[in-house]
Amino acid sequence: MSPKTLYDKIWDAHLAHEAEDGTCLLYIDRHLVHEVTSPQAFEGLRMAGRTVRAPEKTIAVPDHNVPTTPGREDPANMTEDSAIQVAALDKNAKEFGIHYYPVSDVRQGIVHIVGPEQGWTLPGMTVVCGDSHTATHGAFGALAHGIGTSEVEHVLATQTLIQKKSKNMKVEITGKLRPGVTAKDITLSVIGETGTAGGTGYVIEYCGEAIRDLSMEGRMTVCNMAIEGGARAGLIAPDEKTFEYVMGRPHAPKGAQWEAALAWWKTLYSDDDAHWDKVITIKGEDIAPVVTWGTSPEDVLPITANVPSPDDFEGGKVGAAQRSLDYMGLTPGTPLSEIEIDTVFIGSCTNGRIEDLRAAAEILKGKKIKVKRAMVVPGSGLVRAQAEEEGLADIFREAGFEWRLAGCSMCLAMNPDQLSEGERCASTSNRNFEGRQGYKGRTHLVSPGMAAAAAITGKLTDVRELM
Ligand SMILES: CC(C)[C@H](C(=O)O)[C@@H](O)C(=O)O
Ligand code: SF4
């Protein structure tokens, strides 16, 4: 047998048909659904008189539009568009008989946090969702990626997806991370190195000692941003940490089924002599706590650096840098650590898990915020409950943070949590495009610890100074 990568193995195990031109039909194990990209898909099914092919493999949760303040069940607290989408999901979930976590359910949260938490996401699976950050689930050694609304309809109807195979890319992070450096710094640094198009046409497998050393939460943070690096998906070979995380979750296999699954999961790694179309290696000890200064996730620099000048770039990037600096209101040469911050947002499917909240609370303990506003939005109701139990919520509240209900929140401007014009935010989310967090809002992407540090000092701050 010829050697295979992990991606090859999962692909082959799900291939239902391959046409002469290489177009393939893949079987889909899990279909996650949220309110933004599904209404038309369900409408399509309805018009065609079709049902959902595998309702037991289809999971719905509202997250993007929902407010994160009490009273959010009331449609009057949403914009009309948001209320329509959330109501449509509610109706469709009930009518088509799929698994559903409404806002009133403590398990509700961001779809990419709920899936793993409930044990829907398992190693070796194909996982899709009408959402680009489906890559998150790759942390379990699953082939997971976003799909468009017409594909959502196709998967609902057939439980299959038409795909062409991507190329294999290996991103190896060797050695140990230095103190204060996290999964978020890894994933941003990779994008800083490869650019937002570096992964185009590839599925990335992250490997190396620094990746192995990450918790499952950290691995999810890394895979989450594979999409910002342009890749089709990102994944990490499952290991004992993965199995331990999955074991006992509500929808994980049990008993003999668990044993059988485990035996297969243990075969899910890239063979030693597998072929890679592209390889990137970064030394873990070379990664610093980073921030973004511009309006693309590739605009990454260590917190110890200065705001760059357009002259530092070449070709089309000169103009792009100038535009970014204008939008961000930054002057070349300013130390990044002198940039004043108005707002801090801790949350999103990148950094809204329990470990992220712990990392931020560790920095905030016994301190007060200096920024105008700061909010922490747990990624799910269960993360929220656990954080309350661990006393993290008290630390946040005492520091001056708003302690919100679960949802996408300020990660994107689709719900009431938005930046105002010119407002500058240190955010643990994954996108810093113009207007992403609100019209003319300014976003600096950082890790949870860095966000907490900025909250305390009122400026972008090297978290290592507060450790
Ligand atoms: C709204 C949704 C389709 C979108 C995505 O696909 O990623 C959102 O989650 C985002 O992060 O921009
Ligand atoms: S938290 Fe942000 S990135 Fe994640 S699904 Fe929601 S909007 Fe998209």
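- The protein is annotated in an unreviewed UniProt entry as 3-isopropylmalate dehydratase large subunit from Roseovarius faecimaris.
- The Subunit (unreviewed entry) comment attached to the protein in UniProt states, word for word, "Heterodimer of LeuC and LeuD."
- Per UniProt, the protein has the following entry under Catalytic activity (unreviewed entry): "(2R,3S)-3-isopropylmalate = (2S)-2-isopropylmalate".

**Digging into the overall build of the protein**
Phase 1 of the analysis: Helix and strand counts for the protein stand at 16 helices and 19 strands.
Phase 2 of the analysis: What you see for the protein is a C-alpha radius of gyration of 21 Å, in line with the 23 Å of a compact globule of 467 residues.
Phase 3 of the analysis: For the protein, the C-alpha atoms occupy an extent of roughly 55 × 55 × 45 Å along the three principal directions.
Phase 4 of the analysis: Looking at the protein residue by residue over its 467 residues, the buried ones come to 52%.
Phase 5 of the analysis: By sequence separation, contacts in the protein at least 24 residues apart represent 77% of the contacts at least 6 residues apart.

**Looking at the domain arrangement of the protein**
Phase 1 of the analysis: When cut into domains, the protein gives domain 1 (6–165), domain 2 (167–239 + 269–286) and domain 3 (290–466).
Phase 2 of the analysis: In this structure, domain 1 and domain 3 have C-alpha centres spaced 28 Å apart.
Phase 3 of the analysis: Contacts between domain 1 and domain 3 engage 20 residues on the former and 22 residues on the latter.
Phase 4 of the analysis: Considering each element in turn, the side of domain 1 that touches domain 3 owes the most residues, four residues, to helix 4 (residues 111–117).
Phase 5 of the analysis: Across the side of domain 1 that touches domain 3, the residue classes tally to six nonpolar, ten polar and four charged.

**Thoughts on the site of ligand 1**
Phase 1 of the analysis: In the vicinity of ligand 1, the residues found are Val 36, Thr 37, His 64, Asp 131, Ser 132, His 133, Gly 146 and Leu 412.
Phase 2 of the analysis: Partitioned by chemical class, the residues of the shell around ligand 1 number two nonpolar, five polar and one charged.

**A word on helix 11 (residues 316–328)**
Along an α-helix, residues three or four apart share an orientation, since each turn contains 3.6 residues.
Phase 1 of the analysis: A rise of 1.5 Å per residue sets the reference length of helix 11, with its 13 residues, at 18 Å; its end C-alpha atoms lie 19 Å apart and thus fit the reference within 8%.
Phase 2 of the analysis: Every buried residue belonging to helix 11 is among Ala 321, Ser 324, Leu 325 and Met 328, and all of these are buried. One side of helix 11 holds all its buried residues, which, seen down the axis, span an arc of 95°. Exposed positions of helix 11 whose direction lies more than 90 degrees from the buried face are Gly 316, Gly 319 and Asp 326.

**Quick word on the site of ligand 2**
Phase 1 of the analysis: As a structural note, the neighbourhood of ligand 2 is formed by 13 residues, with Ser 348, Cys 349, Cys 408, Cys 411 and Leu 412 the closest of them.
Phase 2 of the analysis: For the shell around ligand 2, the residue count by class is five nonpolar, six polar and two charged.
Phase 3 of the analysis: Each of domain 1 (6–165) and domain 3 (290–466) accounts for three or more of the residues forming the shell around ligand 2.

**Regarding the UniProt feature "binding site: [4Fe-4S] cluster" (unreviewed entry) in the protein**
Phase 1 of the analysis: This chain's UniProt record puts "binding site: [4Fe-4S] cluster" (unreviewed entry) on Cys 349, Cys 408 and Cys 411. A stretch of 63 residues holds the annotated residues, and the largest C-alpha distance among them is 8.8 Å, short enough that they meet in one place.
Phase 2 of the analysis: Since 28 C-beta atoms lie within 10 Å of it, Cys 349 is described here as buried.
Phase 3 of the analysis: Excluding anything up to four places from it in sequence, Cys 349 contacts Ile 110, His 112, Ile 113, His 133, Thr 136, Asn 224 and Gly 379.
Phase 4 of the analysis: In this fold, Cys 411 is placed in the loop between strand 17 (402–403) and strand 18 (424–427).
Phase 5 of the analysis: For Cys 411, a count of 29 C-beta atoms within 10 Å corresponds to the buried category.
Phase 6 of the analysis: Apart from residues lying up to four places away in sequence, Cys 411 is in contact with Gly 347, Ser 348 and Ser 429.

How each quantity is defined
- Residues numbered from 1 in each chain as written.
- Chains lettered and ligands numbered in written order.
- Predicted model: local features only at pLDDT ≥ 70, side-chain atom pairs only at ≥ 80, totals over all residues.
- UniProt positions renumbered as here; feature names shortened; annotations may be inferred.
- Helix = DSSP H or I, 4+ residues; strand = E, 2+ residues; numbered from the N terminus.
- Rg over C-alpha atoms; globule rule 2.2 N^0.38 Å.
- Buried ≥ 20, exposed ≤ 12 C-beta atoms within 10 Å, placed from the backbone.
- Contact = placed C-beta atoms within 7 Å.
- Domains from an automatic or database assignment.
- Nonpolar A, V, L, I, M, F, W, Y, C, P; charged D, E, K, R; others polar.
- Near = placed C-beta within 6 Å.
- Expected span 1.5 Å × (residues − 1).
- Arc of directions from axis to C-beta.

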